[in-house]
Amino acid sequence: MAVRATVSRFPIDSDAQEACGIPWGLTVTPFAAKDENGQAPVYGSDGHLLPRCENCYAYFNTYCELDQWAWNCSLCGTLNGLSSEAIARYSRPQSCAEMMSSFVDLEFPLEGSEEEILHARPVYVAAVDLSSSEEFLELTKSALQAALEALAPESLFGLATFSHKLGLYDVQGPIPVVKNVFIPQDAEGTLPIEVEDVMPLLQFLAPVDTCKDRITSALETLRPTTSWERTPPGTGQELNGVLMGGRGFGMAMEALCNYLGSEYGNTFALARVFAFLSGPPDHGPGQLDTRRYGEQYASKGEDADRALLPEQTPFYKDLAAVAVQAGVCVDIFAVTNEYTDLASLKFLSIESGGSLFLYSNTDDSTLPQDMYRMLSRPYAFNCVLRLRTSTEFKPGHSYGHFFPDPQYENVQHIICCDSYATYAYDFEFANNVGFSRHSSEQPMVQIAFQYTVVVPPEELPGSELLSSSRGKHSIKRRLRIRTLQYGTARNLNELYDGVDPEVVLSLLVHKVILASLEEGVREGRMLLHDWLVILTSQYNEAFNLIQYKNGSSSITGQLDVTFSQCPQLQPLPRLVFALLRNPLLRFHEEGVHPDYRIYVQCLFSALEPSSLHRAIYPVLTSYSTPDKQAYPRHSLSRAALITSGSPIFFLDAYTTLIVFYSSTADPSLPFPPPHDCLLRSTINKLKQERCITPKLIFIRGGQDDASVFENYLIEEQDVNGTGLTSVMGFVSFLEDITQSVLEYMK
């Protein structure tokens, strides 16, 4: 569990928080194997016996004062009694994890019989769009073959298809059999027959270890639905001789969630549905009207950047709630360049703990690699995340891909959580008093993460390996708790010295996404620009860099917009400038596709801070040869390339990796870099660490088209803070901030 705060020392009170201009909050990556310093948790047992505070329900931890019969809660100060069991337990402090570390991972006893626990199986269902092309289906088959290689042998796998009908495959017999049920065309329609009556669930879900070849055979039978097959003539769906419609995605997803939900907790503890989509749902319940993309400018002058961000129907948000109840996580893989309205569809994946992937074409799609990568890494499921604080402050907003508990505040449900998934919180003071300046009691944060994992047999202790269960995975319920104590800053200088710019960027990204969704992209841009102006003003006042002349509004002194006296703040102007250039906040008329913007929102809002930093302001490194690094970091400008004099540049933009050989590079340098060189090993290491497969591009300056590389050199591109293009880049942006700060301070 990695936890990073925007400031290492918290503001002392609300006045200090207001005066500093820095967002106050933290990011948490709950299923990360280690903390932010590389430390693993201390593992223990009997999580259900861990004492809890009678007042605030926080868990006992190493910061609590303990005497023979009682303990003081480190969060709220309440004195709690100890049970005789706990007294005996804590008389041997070295025998229990919670006495040894403030970061623990404790086993929880599972409800249910031993047989159920040992035979629980993960379930995976592929739902494939047949209203598609041959190329789309070939790519999907490759992705599912990769998935079958990554799945644990005793997993259960189901294959479903959707078009104007829902198809369920039985692959357990000698030849694959598909049974279809027609999806009604009407948006209010229901299936004519229950899916369970079409095919019993255990007939549909096949064991991967014994049926892998048959599943592969079934995949080979997939064919696109032809237009004459989709819509009978005379239904009013013909247009100029072309038959329209036939992608009943909404109904298919609803049916599968209900189908799987009937056995949740019995046959399986987690189900994942992989939905492969080649265009917008246009048939039956959940169909989307994609005409709004084409007609937006004619739509009563509505702002295009605002019109396409909200969802047009609550169908998929409501369906996400059904999926959460059924223990189903949905991953959506959209392979399309037509407008599909991901703004409506995204809720089904992100609220159920799934991912949203977008590929603009089938030619260079990394879908099979992403599929394998996603299923090969460890993940937890049926998770509950809870953040508690000491009494002086409290969580404000929470951000991330979760489902908020309808009953309890600050409790989030996450159906599926991998080691990359990151969530963010911002804080506010609970009252006007703030933290005591003299008290020894420091601000406390406790994060509790209860989760379930499927443990392979080789990870089980020998005593747990019953003869009947050899070779079988088993389920473990665990409670991971991290308790952190923070200092308080006595003044603004101390506060600024403890800023973590990457975490500040994370919170800013969440806030501008929220503002964009509620008020439009223009509002998101203005919020970001104004935030930097206010921060710059408050920094200049805090360091007494400017004075007001004789009580008038005219200012003397040199305004510092690069934060030269505070190294921790120096990256922020560049990060804000880069964020304004990002597709997240670029205007629609600049060529940003609305689906791509939604994809970027979903990706960025789940990344941990260092990855997000690369995605927004890429890392540019130079090499003198493929085996020797020259400089570890350059600014994103042509000037940096020219002045460095290096022949080879490597750009890491998180989703894209580019190796660029300058046009003046010695022709004897091997191109592309050889597989056994330092640059290649760096690239391979980065690819291994990513949650998605980055595209790798090699460019030879002077011979190949270098525009894809040059587009990342944003510091010389047109932008100023108002969002109107100008002829200069980062320098003009700083000049604009200077003018805005002077206006603000008048």
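Bear in mind the structure is a predicted one, so any value in this text is a computation, not a measurement. (Residues numbered from 1 in each chain as written. Predicted model: local features only at pLDDT ≥ 70, side-chain atom pairs only at ≥ 80, totals over all residues. Heavy atoms only, no water.)

**Student:** Can you help me understand the packing of aromatic side chains in this one?
**Tutor:** For any pair of aromatic rings, the description rests on two quantities: the centre-to-centre distance and the angle between the ring planes. This structure, assessed with the given rule, holds 35 aromatic pairs. With a centroid separation of 5.1 Å and 85° between ring planes, the pair formed by Phe393 and Phe427 is classed as edge-to-face. In this pair, Phe393 is assigned in strand β20 (residues 393-399) and Phe427 in strand β23 (residues 423-429), connecting sequence segments 34 residues apart. Of the two residues, Phe393 and Phe427, both sit in the buried class. Between Tyr661 and Phe671, the ring centres sit 4.9 Å apart and the planes meet at 85°, which makes this aromatic pair edge-to-face. With Tyr661 in strand β32 (residues 656-661) and Phe671 in the loop between β32 and α23 (678-689), this pair connects stretches of sequence that are 10 residues apart. (Phe/Tyr/Trp six-rings, centres within 6.5 Å; stacked < 30°, edge-to-face > 60°. Helix = DSSP H or I, 4+ residues; strand = E, 2+ residues; numbered from the N terminus. Buried < 20%, exposed > 50% of the residue type's maximum accessible area, 1.4 Å probe, protein only.)

**Student:** Looking at this structure, how should I read the packing of helix α14 (residues 342-350) against helix α20 (residues 594-604)?
**Tutor:** The description of two helices packed together rests on the angle between their axes and the distance between the axes. In the contact formed by α14 and α20, the axes pass within 10 Å of each other and the chain directions differ by 25°. On the basis of the axis angle, α14 is roughly parallel to α20. Read as a crossing pair, α14 and α20 show a hand that is right-handed. Here α14 contributes Leu342, Ala343, Lys346 and Ile350 to the contact with α20, which in turn contributes Asp595, Ile598, Gln601 and Cys602. Of the residues contributing to the contact of α14 with α20, the split by class is 5 nonpolar, 1 polar and 2 charged. (Axes fitted to C-alpha atoms, helices over the stretch in contact; angles between N-to-C directions. Parallel < 35°, antiparallel > 145°, perpendicular 65-115°, else oblique. Left-handed = near helix turned anticlockwise from the far one by under 90°. Contact = heavy atoms within 4.5 Å. Nonpolar A, V, L, I, M, F, W, Y, C, P; charged D, E, K, R; others polar.)

**Student:** Explain the UniProt feature "domain: Zinc finger Sec23/Sec24-type" (unreviewed entry) in the protein here, please?
**Tutor:** Under the present numbering, the feature "domain: Zinc finger Sec23/Sec24-type" (unreviewed entry) in UniProt falls on residues 51-84. Helix makes up 3% of residues 51-84 and strand 24%. Its end C-alpha atoms lie 12 Å apart. (UniProt positions renumbered as here; feature names shortened; annotations may be inferred.)

**Student:** Sorry, what's going on with the pattern of salt bridges here?
**Tutor:** Two side chains bearing opposite charge may form a pair once their charged atoms approach each other closely. For the coordinates displayed, the defined rule picks out 22 salt bridges. As a salt-bridge pair, Arg478 and Glu107 come within 2.9 Å of each other at their nearest N and O atoms. With Arg478 in strand β25 (residues 474-485) and Glu107 in strand β8 (residues 103-108), the pair connects residues that are 371 residues apart, well separated along the chain. Relative accessible area serves as the criterion here: at 18%, Arg478 is assigned to the buried category. Glu107 sits in the partly exposed class, given a relative accessible area of 24%. The residue Arg574 makes a salt bridge to Glu715 at a minimum N-O spacing of 2.5 Å. Here Arg574 is found in helix α19 (residues 571-581), whereas its partner Glu715 is found in the loop between α24 (707-710) and α25 (730-745), with 141 residues between them in sequence. The class for Arg574 is partly exposed, based on a relative accessible area of 32%. Classification of Glu715 by relative accessible area gives buried; the value is 9%. One network of salt bridges, with partners in common, ties together Arg4, Asp500 and Glu502. (Salt bridge = Lys/Arg side-chain N within 4 Å of Asp/Glu carboxyl O.)

**Student:** Quick question: what am I supposed to make of the side chain of Ser365 here?
**Tutor:** With respect to the element layout, Ser365 can be found in the loop between β18 (356-359) and α15 (367-376). On the basis of relative accessible area, Ser365 is assigned to the buried category, the value being 11%. If sequence neighbours within four positions are ignored, Ser365 has contacts with Leu139 and Tyr359.

**Student:** For this particular structure, what's the right way to read the confidence of the model for the protein?
**Tutor:** Close reading of the predicted structure is inappropriate where its pLDDT is low. Mean pLDDT over the protein stands at 85; residues scoring 70 or higher make up 87%. Every residue in residues 297-301 is under pLDDT 50, and counting partners more than four places away or in other chains gives 3 contacts. (pLDDT = per-residue confidence, 0-100.)

**Student:** Looking at this structure, how should I read the packing of helix α17 (residues 501-519) against helix α18 (residues 521-542)?
**Tutor:** Following both chains from N to C, one finds α17 and α18 inclined at 145°, their axes separated by 7 Å at the closest point. Between α17 and α18 lies a crossing whose hand is right-handed. Along the contact surface, α17 presents Val504, Leu508, Lys511, Val512, Ala515, Ser516 and Glu519, while α18 presents Val521, Glu523, Gly524, Leu527, Leu528 and Trp531.

**Student:** Just checking my understanding: could you explain the sheet that holds strand β1 (residues 2-5) for this structure?
**Tutor:** Pairing between sheet strands relies on hydrogen bonds along the backbone, with the strands arranged either parallel or antiparallel. Read from one edge to the other, the open sheet built from 4 strands follows the order β1-β3-β23-β20, with strand pairing classed as antiparallel. At either margin of the open sheet sits one strand with a lone partner, and together these are β1 and β20. Ignoring strand direction, the axes of neighbouring strands in this sheet form an average angle of 25°. Note that strand β3 (residues 25-29) and β23 share 4 bridges and pair antiparallel. (Pairing = 2+ DSSP bridges.)

**Student:** I tried to follow the sheet that holds strand β29 (residues 619-625) on my own but got confused; where do I start?
**Tutor:** Read across the sheet, 5 strands follow the order β30-β29-β31-β32-β33 without closing on themselves; strand pairing throughout is mixed. One side of each edge strand has no neighbouring strand; the edge strands of this open sheet are β30 (628-634) and β33 (695-700). The mean inter-strand angle of the sheet, taken between neighbouring strand axes irrespective of direction, is 20°. The pairing of strand β31 (residues 648-652) with β32 spans 5 bridges and is antiparallel. Along β32, the bridge assignment pairs Phe650 with Val659. Most of the contacts of α23 go to β31, to which it runs at about 5°, and overall it touches β29, β30, β31, β32 and β33.

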